[in-house]
Amino acid sequence: MEVLNSRMILRPADHNRSVRFYRDVLGLAVCREFPGGTVFFLGQGYLEVSGRGDQGPSPDQVLWLQVRDLRATFDELRDQAVTVLAEPEHKPWGLHEGWIADPDGMRIVIVEVPADHPIRRDTRGD
C-alpha cells in the first residue's frame, strides 16, 4: 500500500461550533472547504470536520497535536475558556503533555517534545 495523503475525519454534533473551535480557538488554518465540510491543515496531516455525528467521539479516539511551547499554548487556551482535562506535565516517557477537549468532548493531547528528548537527537553518528 502506498499512502499518498491522510486525514482524520470528525463528525461533530454542531458543525459550525466545531469549525469555530478548530479555526478560531486552536488556530488551525483552513486547507479547503466544501458544502458541509472544512478541512484543516494539521501539521503534516489534515483534520476534516464534516457531516453530523449523534453519538460523540469514542473514548478510544485521541487527537495528538505537537506544539513548540506547551505552557504558552495552555495559557492561550485557558484565556479562550477551553475545557482542560489535564494540566501540562512531564511524562515518564519524556514528553510534556496536557489534555483538552473539543466542544463534543473529543480528547486532544497537546504535546511538547523537549530539546533533549531522544526523538530530537541525530543518532546517525552513534
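The preceding data block contains the structure.
Quick look at the structure, then. Treat the numbers as computed from the prediction; the structure is a model and nothing was measured. (Residues numbered from 1 in each chain as written. Predicted model: local features only at pLDDT ≥ 70, side-chain atom pairs only at ≥ 80, totals over all residues. Heavy atoms only, no water.)

**Some points on the packing of aromatic side chains**
Tallied over the full model, the rule gives three aromatic pairs. Directly above the ring of Tyr 46 sits Arg 7, whose terminal nitrogen or CZ lies 6.0 Å from the centroid. (Phe/Tyr/Trp six-rings, centres within 6.5 Å; stacked < 30°, edge-to-face > 60°. Lys NZ or Arg CZ within 6 Å of the ring centre and 35° of its normal.)

**Concerning the pattern of salt bridges**
Under the counting rule described, the total for this entry stands at seven salt bridges. As a salt-bridge pair, Arg 7 and Glu 48 come within 2.7 Å of each other at their nearest N and O atoms. One end of the pair, Arg 7, is in the segment before β1 (8-10); the other, Glu 48, is in strand β4 (residues 45-50), with 41 residues separating them in the sequence. On the basis of relative accessibility, which here comes to 34%, the residue Arg 7 falls in the partly exposed class. Between Asp 54 and Arg 52 there is a salt bridge, with its nearest N and O atoms 3.8 Å apart. Accessibility assignment for this pair places Asp 54 and Arg 52 in one class, exposed. (Salt bridge = Lys/Arg side-chain N within 4 Å of Asp/Glu carboxyl O. Helix = DSSP H or I, 4+ residues; strand = E, 2+ residues; numbered from the N terminus. Buried < 20%, exposed > 50% of the residue type's maximum accessible area, 1.4 Å probe, protein only.)

**Thoughts on unusual backbone geometry**
Here the phi dihedral of Ala 81 falls at roughly 60°; this positive angle occurs in a residue that is not glycine. Tracing the backbone through its elements, the reader meets Ala 81 in the loop between α2 (70-79) and β6 (83-90).

**Observations concerning the sheet that holds β1**
Ordered by their spatial adjacency, four strands build an open sheet running β1-β4-β3-β2, and the pairing between neighbours is mixed. Of all strands in the sheet, those with a lone pairing partner are β1 and β2 (30-34), marking the two edges. Pairs of neighbouring strands in the sheet enclose a mean axial angle of 20°, with direction left out of account. Across six bridges, the pairing between strand β3 (residues 37-42) and β4 is antiparallel. Along β4, the bridge assignment pairs Val 39 with Glu 48. (Pairing = 2+ DSSP bridges. Axes fitted to C-alpha atoms, helices over the stretch in contact; angles between N-to-C directions.)

**Quick notes on the sheet that holds strand β8 (residues 107-112)**
Strand order in the open sheet formed by four strands is β5-β8-β7-β6, and the pairing between neighbours is mixed. The sheet is open, and its two borders are formed by β5 (62-66) and β6, each paired with just one other strand. On average, adjacent strands in this sheet sit at an angle of 15° to one another, irrespective of strand direction. Of the pairings in the sheet, the one linking strand β7 (residues 96-101) to β8 comprises six bridges and is antiparallel in character. Within β8, the residue paired with Ala 101 across the bridge is Arg 107. Against the sheet, α2 makes contact with β6, β7 and β8, and its axis sits at roughly 165° relative to β6, the strand it touches most. (Contact = heavy atoms within 4.5 Å.)

**What to know about the pairing of β6**
Where β6 lies against β7, five bridges are found, and the strand directions are antiparallel. Residue pairing across strands places Ala 86 opposite Trp 99, the latter belonging to β7. Linking two consecutive strands that pair antiparallel, namely β6 and β7, is a turn of five residues; a positive phi of about 100° is found at Gly 94 within it.

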